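Single-letter residue listing:
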Amino acid sequence: MTGATGTGADVLAASAGSLRERFEAAFMPNYGVPPVVPVRGEGCHLWDADGRRYLDLIAGIAVSSLGHAHPALVEAVSRQVATLAHTSNLFVNEPEVLLAERLLGLLKAPGRVFLANSGTEANECALKLAISYGRNTGRKYFVAAENSFHGRTLGALSLTGKASIRDQFGPFPADVRFVPYGDADALKQAVTPDCAAVFLEPTQGEAGVVPPPDGYFTAVREICDATGALLVLDEIQSAIGRTGHWFAHQHDGVVPDVLTLAKGLGGGMPVGACVGFGNAGTMFAKGDHGSTFGGNPVAAAAARAVLDTIERDGLLEHVRTVGKLLADGIAAIDHPLVSGVRGRGLWLAVVLTADRAADVQAAAQRAGFLVNAVQPDAVRIAPPLVITAEQVETFLAAFPAILAEVTP
Ligand SMILES: *Cc1c(COP(=O)(O)O)cnc(C)c1O
């Protein structure tokens, strides 16, 4: 096995160490070098290039909703790629139509869909809708939350309230004002009739799976209704069963004007969606937006397989049951490094009493479990929605020893 010009067969034979070195040499340094090199997955397990097995408790950042190599996803993608892989937006394809209709059916409200390839692109669409709305109504600015994450492209980044990833790329195209997340009074102060839209996550994912206080979204909806600002909910991480409901906003009984989706929707195939409800769905004029790959038939077929499987296998209820098992099990651990657990369904953070999340992630990896240090003091757990109670118990049984390895 030699050199950076290896064939596919060479890559499969390469060791994890050599692939990490070649990654470092061939890629831009924006990611650093990730620690694990998975080469194969099945269900909730991954195997790395050295043959080690891991229980996957992060699912490619809440993406692999059906786990790895799920037969329904394999069948849908294989069949579609062998039938028609791509059309572009110059043509209509049936899988994209079926997916858009399916999403609207799940949302139970009249709306229109735009299909994209990623989360940040779904949010670009939402921001362009909000800009169009602002232009039509004389509204000039936007409101988003501190510590929010909406994506890395410049429109979505302008809505992202995290200085460390944002400040070096300003100034931004949109005037965005940031308020503390979960503070309804601060939002009320910030949203005037000049505000075009409010962008929020139902629970802040990258901030460390931080839910808002009870009643927050009822107040948010009232503030938007009173001022005429659009409410845009970024459900890129929270939707498609992650919290035990199709959409996290269904917990709060609040309907947004615009909704964005991605991550878990394609179960590992790249697909994003922006849904506009009521008038927000028909705001674009012909030519206002587009994507060559958006609505790609293979990605759309994958998303439908994900939605069908969640429904057929009763995964929403399953997520609530095993999510509770996992959260209760973590809460019951008596260890000085653990201060508690937050989140809903299979979207949890173990909150630490010190900034040791990276060490917990590393110790878990050595023990055969993949978790994510989402914040210095928070470990994110977002396994495939198909994780079994037995697999959850395996992790809970191992977790005290993992924590014991992290010296205070
Ligand atoms: C991941 C994420 C995004 C960005 O999605 P990409 O597919 O990485 O562009 C946007 N918003 C939220 C809430 C996310 O979790």
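Residues numbered from 1 in each chain as written. Predicted model: local features only at pLDDT ≥ 70, side-chain atom pairs only at ≥ 80, totals over all residues. Heavy atoms only, no water.

### Observations regarding the site of the ligand
Rule in force here: Near is defined per residue: the residue qualifies when any heavy atom it owns lies within 4 Å of the molecule or strand. Any pair of nitrogen or oxygen atoms within 3.5 Å is treated as a polar contact; in protein, a donor-acceptor pairing is required on top of that, and neighbouring residues in sequence qualify only through side-chain atoms on both sides. Note on areas: Shrake-Rupley with a 1.4 Å probe; residue coverage comes only from the protein chains shown. Secondary structure is summarised from DSSP: a helix means a run of H or I of at least four residues, a strand means a run of E of at least two, and numbering begins at the N terminus for each.
Around the ligand sit S118, G119, T120, N123, F149, H150, G151, E201, D234, I236, Q237 and K263, and those are all the residues in its vicinity. In this structure, F149 approaches the ligand through a main-chain N or O atom, which is 3.2 Å from a nitrogen atom. Surface burial for the ligand is 82%, taken as the share of its 390 Å² of free accessible area covered by protein chains. No other element matches the 3 residues that helix 6 (residues 119–137) contributes to the shell around the ligand.

### Some details on the domain arrangement of the protein chain
Our working rule: How far each domain reaches was decided by an automatic or database domain assignment. What makes two residues a contact is simply this: any of their non-hydrogen atoms within 4.5 Å. Here the buried area means the combined drop in accessible surface, using a 1.4 Å probe, for two parts upon being joined, counting both sides. We count a salt bridge whenever a side-chain nitrogen from Lys or Arg sits within 4 Å of a carboxyl oxygen from Asp or Glu.
Segmentation of the protein chain into domains returns domain 1 (15–25 + 36–69 + 314–406) and domain 2 (73–312). At the junction of the two partners, domain 1 supplies 28 residues and domain 2 supplies 30 residues. Carbon and sulfur atoms make up 61% of the area that domain 1 and domain 2 hide from each other, which totals about 2500 Å². Looking only at domain 1, the three residues that lose the most surface to domain 2 are L316, R344 and W347, adding up to 31% of its buried area. Inspection of the domain 1/domain 2 interface yields 1 salt bridge.

### A short note on empty space enclosed by the protein
Heads up, the rule is: Grid points spaced at 1 Å over the protein atoms alone were grouped into cavities, where a 1.4 Å probe fits but cannot get out, and pockets, open sets with protein on both sides within 12 Å along at least five of seven lines, with lining residues defined by an atom within 4 Å of a point. Grid points are joined across faces, edges and corners, and a volume is the space filled by probe spheres set on the points. All amino acids are sorted into three groups, where Ala, Val, Leu, Ile, Met, Phe, Trp, Tyr, Cys and Pro are nonpolar, Asp, Glu, Lys and Arg are charged, and the leftover types, Gly among them, are polar.
The full count for this structure, using the stated rule, is 1 cavity of 30 Å³ or more. Volume-wise, the largest cavity comes out at about 30 Å³. When residues of the lining of the largest cavity are traced back to their parent elements, those giving at least two are strand 4 (111–116) and helix 12 (297–312). When grouped by side-chain class, the residues that make up the lining of the largest cavity number 7 nonpolar, 4 polar and no charged.

### As for unusual backbone geometry
Along the chain, G170 connects to P171 via a cis peptide bond; the corresponding omega equals 0°. Position of P171 among the secondary structure elements: in the loop between helix 8 (163–166) and strand 6 (176–179). Phi at A62 is positive, roughly 60°, even though this residue is not glycine. Relative to the helices and strands, A62 is located in helix 3 (residues 59–62). A positive phi angle, close to 55°, is found at A69, a residue other than glycine. Its place among the elements puts A69 in the loop between helix 3 and helix 4 (71–83).

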